[in-house]
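Understanding the architecture of this molecule
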Amino acid sequence: MDTTEIERDSMEFDVVIVGAGPSGLAAACRLMQLAKDNSQELTVCLVEKGSEVGAHTLSGAVIESRAIEELFPNWKEMGAPLNVPVKRDELYLLRSETSSVKIPNALIPATMHNEGNYVVSLGNVCRWLAEQAEGLGVEVFPGFPASQLLFNEDGSVAGIITGDMGVGVDGEPKDSFTPGMELRAKYTIFAEGCRGHLGKQLYSKFQLDAEADAQHYGIGIKELWDIDPSKHEEGLVIHGSGWPLSGGTSGGFFLYHSENNQAVVGLIVDLSYSNPYVSPFDEFQRMKHNPLISQYLEGGKRIAYGARAITKGGFNALPKMHFPGGLLVGCNAGTLNFAKIKGTHTAMKSGMLAAEEIFAAIQSGDTGGKDLTGYTERFQNSWVYEELQASRNFGPALHKFGSLMGGAFNFIDQNIFGGKLPITLRDQKPDYAQMRPASEFTPIDYPKPDGKLSFDKLSSVFLSNTNHEEDQPCHLKLKDPSIPISKNLPMYAEPAQRYCPAGVYEVLGEGADARFQINAQNCVHCKTCDIKDPSQNITWVTPEGGGGPNYPNM
Amino acid sequence: MKILVAVKRVIDYSVKVRVKADNSNVDLTNVKMSLNPFCEIAVEEALRLREAGKATEIVVVSIGPKAAQDQIRTALAMGADRGIFIDVGDTELNSLSIAKLLAKVVQDEQPGLVLLGKQAIDSDNNQTGQMLAALCNYPQATFASKVLIEGDSTTVTREIDGGLQTLQLTLPAVVTADLRLNEPRYVKLPDIMKAKKKPLAVTSPAEMGVNVANTITLVRVDAPAERSAGIKVESIDALIDALKNKAKVI
Amino acid sequence: MSNLVIAEHDNQNLKASTLNTITAASKIGGDIHVLVVGSNCQAVAQAAAAVAGVTKVHVADNEAYAHQLAENTAQLVAALAPAYSHLLAPATPAGKNLMPRVAALLDVNQLTDIMAVVSPDTFKRPIYAGNAIATVQSSDKIKVMSVRITAFDAAGAGGSAAIEAVNEVFTADKTKFIGEEVAKSDRPELTSAKIVVSGGRGVGSADNFKIIYTLADKLGAAVGASRAAVDAGFVPNDMQVGQTGKVVAPQLYIAVGISGAIQHLAGMKDSKVIVAINKDPEAPIFQVADYGLVADLFTAVPEMTGKL
Ligand SMILES: Cc1cc2nc3c(=O)[nH]c(=O)nc-3n(C[C@H](O)[C@H](O)[C@H](O)COP(=O)(O)OP(=O)(O)OC[C@H]3O[C@@H](n4cnc5c(N)ncnc54)[C@H](O)[C@@H]3O)c2cc1C
Ligand SMILES: Cc1cc2nc3c(=O)[nH]c(=O)nc-3n(C[C@H](O)[C@H](O)[C@H](O)COP(=O)(O)OP(=O)(O)OC[C@H]3O[C@@H](n4cnc5c(N)ncnc54)[C@H](O)[C@@H]3O)c2cc1C
Ligand SMILES: Cc1cc2nc3c(=O)[nH]c(=O)nc-3n(C[C@H](O)[C@H](O)[C@H](O)COP(=O)(O)OP(=O)(O)OC[C@H]3O[C@@H](n4cnc5c(N)ncnc54)[C@H](O)[C@@H]3O)c2cc1C
Ligand code: SF4
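Residues numbered from 1 in each chain as written. Chains lettered and ligands numbered in written order. Predicted model: local features only at pLDDT ≥ 70, side-chain atom pairs only at ≥ 80, totals over all residues. Heavy atoms only, no water.

**Concerning the overall build of chain C**
Counted only if it meets this: Only runs of H or I of at least four residues qualify as helices and only runs of E of at least two qualify as strands under DSSP, and these elements are numbered from the N terminus. Throughout, radius of gyration means the C-alpha value; the globule benchmark is 2.2 Å times the number of residues raised to the power 0.38. Relative accessibility thresholds used throughout: buried, under 20% of the residue-type maximum; exposed, over 50%; partly exposed, between the two (1.4 Å probe, protein chains only). Throughout, a residue-residue contact means that at least one pair of heavy atoms, one from each residue, lies within 4.5 Å. Here the positive residues are Lys and Arg and the negative ones are Asp and Glu; neither His nor the chain ends is included. Note that the charge is assigned to NZ on lysines, CZ on arginines, CG on aspartates and CD on glutamates.
If you tally the helices and strands in chain C, you get eight helices and 16 strands. Taken against the 2.2 N^0.38 rule, which gives 19 Å for 308 residues, the C-alpha radius of gyration of chain C at 22 Å falls within 12% of a compact globule. Projected onto its principal axes, the C-alpha positions of chain C cover 60 × 40 × 40 Å. Looking at chain C residue by residue over its 308 residues, the buried ones come to 56%. Of all intrachain contacts in chain C linking residues separated by at least 6 positions in sequence, the fraction that spans at least 24 positions is 64%. For chain C, the separation between the mean place of its 24 positive charges and that of its 28 negative charges on side chains is 3 Å.

Right under this line is the structure:
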């Protein structure tokens, strides 16, 4: 089926927002607040690919309330689900399967301190923000992915097209075929989060990253546990790094005690690793056996699992965030502060600034399609910019000097010079290019899961409540279908089998019979394959609306 | 002819349920809720009958907590004309009470056909339609896989053990939808916006004058017993012997 | 206490599901009577009278009951009900069609698919597609329920109950029986089969699936498959068992070359007996199998077919 020939209905709005994460929702709320304050009619439509708002949201999360505070000064009375203030904050270095050392408070970079922050479920925060947005008059449409960009004749962005529904695995329309709609807008805000699939197209079309350093990513794998109430300490926040990551593979873990005797545990593995035998999923599973972590989980019950990539290039990798007809916000642009591993407050603020810029334009009679360069100015004058600039060396230092020396650099940079050390470290090599041939390594023999603390991939995916309609085209597109077997397999032992946290990719058979199998139904939309495939051969596109994980409070 | 469709708000079919630690029920906090899939099929069938010129108005009714209005809105976005919401707060009513409330709606609305799902995927009772039919003294066709309307009767094909049965019912009648009846349509964006403006009446059992006392109480809820590993047999002979003589299943 | 079991039959044969239901009634305790509603169904009544534990059989034998329509059958059952404390029918489509209607006529609630009798007023029943088990207590004077037949053994032979005719005739004026079409397939239907043989990716090809079909035919079984086997194109997609396929609960489930991923288990873990044939002794399927055979399926399956 040729999708360019389908006749589509079209709707017009002042602003269309893609993605109901914190950045998109903050932009939506801010737009409507401004419209109300100025008694101006404004139509805002927000589409979200998850079956409901929050269904695809996966974060830590310990968040700073700064942005929420600005958006809704009386957020507490309004019932925003920021219920658990951080009470205790600890940093550890795991040294082996059985040991760990606590880093003394005095040695912790200032950015890693969490007093005044809140342990939240970002999914629930988004659900709450969506309620506020709807209350303010935003049309929120979960279950509708923005699958294509829509352009005006002059090349400016005119909006998006939502995904077609009811297309069979063969690409032909089924009886239930319902074509996607054109959602046209004066301005479109792209808030797709890390590695947005339309964002990726915009980067290349408008060369948004021409002057930025290569973007860097991590994969975050997370579980939600009901733990033994006697071991639960609401508001306890633990971070750390070290074991089991080794040999140039870096990352860090988190363990937060949230409400209702629940705790979350997660591991973020930097996607700059070079050993193709590394399996972030298995690293995470075995990490939970370290007593520092197992002491809390033992006797508990795992109730949810998920994974999501994280954009961590920070300041040096920030792209141009405006282009004719649209703006990039949040992690789609890379506003996360990796020194704090926090991206929620910066994402929200970037969304609010985008709203202010667009509202000012529309209010002055702008009919859309312009390149809103003023956004850069607003951004540069905001606290987000200041914060990101101050943390600019954090990631590159870790990459360059390794966790230990890098950590020392960060300590000096962040604590003594407040991030203002007059050097900027650069890290130009994209993550996928870091992969080294398998022949340089030996396969890693991960321990078998015990079914109590550690689990296999498929039982884990089960707890992400993931599903996709089976009869639809595969949403993981291979530019060249032969590469996995002809190149990635001999060269890198096809790492997709291991970096995908959902068991989507399998190599079946051996030798001449080897075959690449894609179980697209398992996909949790983390975007890691799109980032890490050493051949850059995999493109993640939006599947049929509503597909993907159904995370509870993740 | 008017069609009345009863729809229920239930846990989404893709979400795994979890029993609460105190065994009082399953834990529904933070889980996605949806329109019961069989109810969605019932709504779709009503729409198709209207599109075929057999019906003029489709009314959807739901009984439940405030949030159940979302499911009525979903049905309205699919194309139903108006909704009736019976607010019972967080109390889980027994099916007989649900059926009595629906019977009162039937009495007030006088539909020619009442469509329900065959079963709600939460409590899996598979009974409300049958009870409603008895209370209204209407004929019933459960597990419908095909519904035709001609004049004052409906011819319904039903899925029964090992095959299909066809019945002809004099209208008004109660029909409950099975999986193969149809494949529900996808909701379109403009229709979701329109649905927000369609009429939705709100009432309660007290206002309707229906007594809704429960006679069934939920004592506790447990997770199903985990299967444990059995034995390894050494040969096909041993396997066949065990199946014949110990398990007695062949 | 006294129980009335509504027999399931086709006017000639008493269906085995009735035997399981009689066992459920015996767990409640008290007298067990059976009601046979049909037309020319005396043979059924006699069969019911011969079931151990049954003390009386009522037969309502009239042309009006030929198709056991819910409308008039329910009226008849309701008319007999006041003499009983419990009314039971198998939780099959027929029983589920009837019992809620009976309950509503009696102004009581109904319990669907009970799988255990805790006490005469307290029962266990599956909810959320069997992912949770509810214990429910009924305060209704007459307890009306349908019974999950796989949860109770079949009652044996050895009874000699009296047979009594019921002469009351109710008619279903608003319902006309048009026809019935019993699916004619060489193999039983997957979801209702007593035995299911399923093949997984280990079977290797569509061609190799023949050995699965041959074993199934020998056992009179339906054939199922894992998603991996479906995705690889070995078999069509309507044969998939699991989370996104069919849910089956046969007496015997034989998994051949299936690893036992949780998504597959979701579709068959309620089977009474599970057999696994897999060459990998560590395969998770062995953790749920009652009988596991570590063997190459290409030798084991033909051997089994040959020896049955
Ligand atoms: C494991 C992990 C731990 C983290 N911990 C913390 C923490 O402790 N504190 C903190 O502040 N931050 C943390 N973060 C970062 C934080 O979650 C992100 O910075 C934040 O979520 C970014 O918000 P966003 O709105 O830009 O994107 P997202 O939250 O990713 O939201 C994007 C939304 O857009 C939707 N979407 C994407 N593409 C489309 C499309 N084409 N059509 C329709 N919808 C689409 C997605 O489904 C999603 O709902 C963590 C991240 C991870 C992965
Ligand atoms: C764990 C648990 C166990 C329970 N066990 C029992 C029990 O054994 N017996 C009992 O009587 N009740 C029981 N209940 C109460 C049960 O939830 C209600 O009876 C329920 O609202 C109606 O039955 P159902 O959803 O199972 O309907 P079903 O009979 O399975 O539903 C068939 C159709 O009826 C319609 N319908 C059902 N409910 C509504 C509604 N609220 N609004 C509009 N249409 C509706 C829909 O079209 C639905 O598709 C139980 C509840 C729980 C939580
Ligand atoms: C959202 C979602 C929904 C899903 N839905 C379903 C579903 O409905 N149904 C389903 O089945 N799966 C489903 N899956 C997929 C599931 O996770 C597994 O991938 C699948 O069940 C594996 O199928 P398999 O056991 O045949 O293949 P494998 O896991 O590859 O197992 C093959 C087995 O065959 C054995 N074997 C190989 N050769 C031989 C031999 N010669 N002799 C003996 N044994 C041999 C191997 O030891 C191995 O154990 C779903 C997954 C997701 C994420
Ligand atoms: S297929 Fe790609 S996006 Fe989907 S879960 Fe695997 S790595 Fe993540």
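**Description of the overall build of chain B**
Put simply, the rule is: Reported accessibility uses the Shrake-Rupley method at a 1.4 Å probe radius. Residues are deemed covered only where the shown protein chains occlude them.
Looking only at helices and strands, one finds seven helices and 13 strands in chain B. Seen through its principal axes, chain B has C-alpha atoms that stretch 65 × 45 × 40 Å. Relative to its full complement of 250 residues, chain B shows a buried share of 58%. Residue pairs in contact within chain B that sit at least 24 positions apart in sequence constitute 70% of those at least 6 positions apart. When the accessible surface of chain B is split by element, carbon and sulfur atoms take 50% of a total near 10200 Å². Charge separation in chain B, taken as the distance between the mean sites of 31 positive and 30 negative side-chain charges, equals 2 Å.

**What about the interface of chain B and chain C?**
Where interface size is given, it is often the accessible area lost as the parts come together that is meant. Stated precisely, the cut-off is as follows: What makes a salt bridge here is a side-chain nitrogen of Lys or Arg within 4 Å of a carboxyl oxygen of Asp or Glu, nothing more. For the purposes of these results, a polar contact is taken to be a pair of N or O atoms within 3.5 Å, where, inside protein, one atom must be able to donate a hydrogen and its partner to accept one; residues adjacent in sequence count only when each atom of the pair is a side-chain atom. Each residue is assigned to one of three groups, with Ala, Val, Leu, Ile, Met, Phe, Trp, Tyr, Cys and Pro labelled nonpolar, Asp, Glu, Lys and Arg labelled charged, and all others, Gly among them, labelled polar.
The partner chain C presents 75 residues to the 69 residues of chain B that form the contact. Measuring nitrogen to oxygen at the nearest pair gives 3.2 Å for the salt bridge that ties Lys307 of chain C to Asp237 of chain B. In this assembly, chain B and chain C are joined by 42 residue pairs in polar contact (both at pLDDT 80 or more). Going through the elements one at a time, α3 (95-109), α4 (128-136), β7 (140-150), β8 (153-160), β9 (163-170), β12 (216-222), β13 (231-233) and α7 (236-246) of chain B are the ones with two or more residues in the side of chain B that touches chain C. Ranked by residues supplied to the side of chain B that touches chain C, first place goes to β9 of chain B with eight residues. Across the side of chain B that touches chain C, the residue classes break down as 34 nonpolar, 21 polar and 14 charged.

**With respect to the packing of aromatic side chains**
Each aromatic ring pair is described using two quantities: the centre-to-centre distance and the angle formed by the ring planes. Applied cut-off: Whether two aromatic rings pair depends on their centres lying within 6.5 Å, for rings of Phe, Tyr and Trp, where Trp uses its six-membered ring; planes under 30 degrees apart make the pair stacked, over 60 edge-to-face, and the rest tilted. By the criterion adopted, a ring carries a charge over it if an Arg CZ or a Lys NZ lies within 6 Å of its centre and within 35 degrees of its normal.
Following the criterion strictly, the structure yields 14 aromatic pairs over all chains and no others. The interplanar angle of 50° and the centroid separation of 6.3 Å between the aromatic rings of Tyr375 of chain A and Phe379 of chain A together place this pair among those described as tilted. Here the residue Tyr375 of chain A and the residue Phe379 of chain A both occupy positions in helix α8 (residues 374-380), the gap between them amounting to four residues, near one helical turn. The exposure class of Tyr375 of chain A is buried, given its relative accessible area of 1%. Classification of Phe379 of chain A by relative accessible area gives buried; the value is 3%. Three or more aromatic residues joined by ring pairs form one cluster here, namely Phe315, Tyr375, Phe379 and Tyr385 of chain A. Here Lys288 of chain A stacks its cationic end above the ring of Phe284 of chain A, 5.0 Å away from the centre of that ring. Over the ring of Phe286 of chain C we find Lys232 of chain B, and its NZ or CZ is 4.6 Å from the ring centre.

**Points about the packing of α3 of chain B against α4 of chain B**
Residue and element names in this part refer to chain B. We count it as follows: To define axes, lines are fitted to C-alpha atoms, for helices over the stretch in contact only, and angles between the resulting N-to-C directions are given on a 0 to 180 degree scale. When an angle is under 35 degrees it counts as roughly parallel; over 145 it counts as roughly antiparallel; between 65 and 115 it counts as roughly perpendicular; any other value is oblique. Two helices that cross are described as forming a left-handed crossing if the nearer one is turned anticlockwise from the farther one by less than a right angle, and a right-handed crossing if clockwise.
Taken N-terminus to C-terminus, the directions of α3 and α4 make an angle of 50°; their axes are 9 Å apart at the nearest point. Between α3 and α4, the crossing angle belongs to the class labelled oblique. For the pair α3 and α4, the crossing hand works out as right-handed. Every residue of α4 that contacts α3 at Ser95, Leu96, Ile98, Ala99, Lys100, Leu102, Ala103 and Val106 is listed here: Thr128, Met131, Leu132, Leu135 and Cys136.

**Concerning the pairing of β9 of chain B**
For the record, the criterion: Two strands are counted as paired when DSSP detects at least two bridges linking them.
Where β8 of chain B and β9 of chain B come together, eight bridges link them in antiparallel fashion. Across the sheet, Thr155 of chain B pairs through a bridge with Gln168 of chain B, a residue of β9 of chain B. Counted along the chain from β8 of chain B to the antiparallel partner β9 of chain B, the turn is two residues long, and its residue Gly162 of chain B has a positive phi close to 75°. Bridge analysis of β9 of chain B against strand β11 (residues 175-182) of chain C gives seven bridges, and the strand direction is antiparallel. Within β11 of chain C, the position partnered with Gly163 of chain B by the bridge is Val182 of chain C.

**Regarding α3 of chain B**
All names here are of chain B. Basically, it comes down to this: Expected span, for any helix, means 1.5 Å times one less than how many residues it has.
With 15 residues, α3 should cover 21 Å at 1.5 Å per step; its first-to-last C-alpha distance of 20 Å lies within 8% of that length. With 11 of 15 residues buried, α3 lies mostly within the body of the structure. Within the sequence span of α3, burial applies to Ser95, Leu96, Ser97, Ile98, Ala99, Leu101, Leu102, Ala103, Val105, Val106 and Glu109. Note on α3: the residue one or two positions beyond its end, Gln110, has a positive phi of about 50°.

**Regarding the interface of chain C and chain A**
Heads up, the condition is: As used here, buried area is the combined drop in accessible area, with a 1.4 Å probe, of two parts when they are placed together.
Chain C puts 11 residues into the contact, and the matching count from chain A is 15 residues. Looking at the side of chain C facing chain A, the largest losses of area belong to Arg201, Arg227 and Ile262 of chain C, adding up to 43% of the total buried there. The interface formed by chain C and chain A holds two salt bridges in total. One salt bridge in this structure joins Glu282 of chain C and Lys448 of chain A, with 3.0 Å as the shortest N-O distance. At the junction of chain C with chain A, the criterion picks out six residue pairs in polar contact (both at pLDDT 80 or more). Put simply, the parts of the chain that give the side of chain C that touches chain A at least two residues each are α6 (227-231) and α7 (262-265) of chain C. Here the residues of the side of chain C that touches chain A are counted per class, giving three nonpolar, four polar and four charged.

**Focus: the pairing of strand β9 (residues 143-147) of chain C**
Residues and elements named next belong to chain C. Most of β9 is tucked away, with five of its five residues classed as buried. Burial along β9 is two-sided: Lys143, Met145 and Val147 and Val144 and Ser146, pointing in opposite directions, are all buried. Of the strand pairs in this sheet, strand β4 (residues 86-90) and β9 are connected by five bridges, and their pairing is parallel. Along β9, the bridge assignment pairs Ala89 with Ser146. Relative to β9, strand β5 (residues 110-114) is paired through three bridges, and the arrangement is parallel. Looking at β9, one finds that Gln110 is bridged to Val144.

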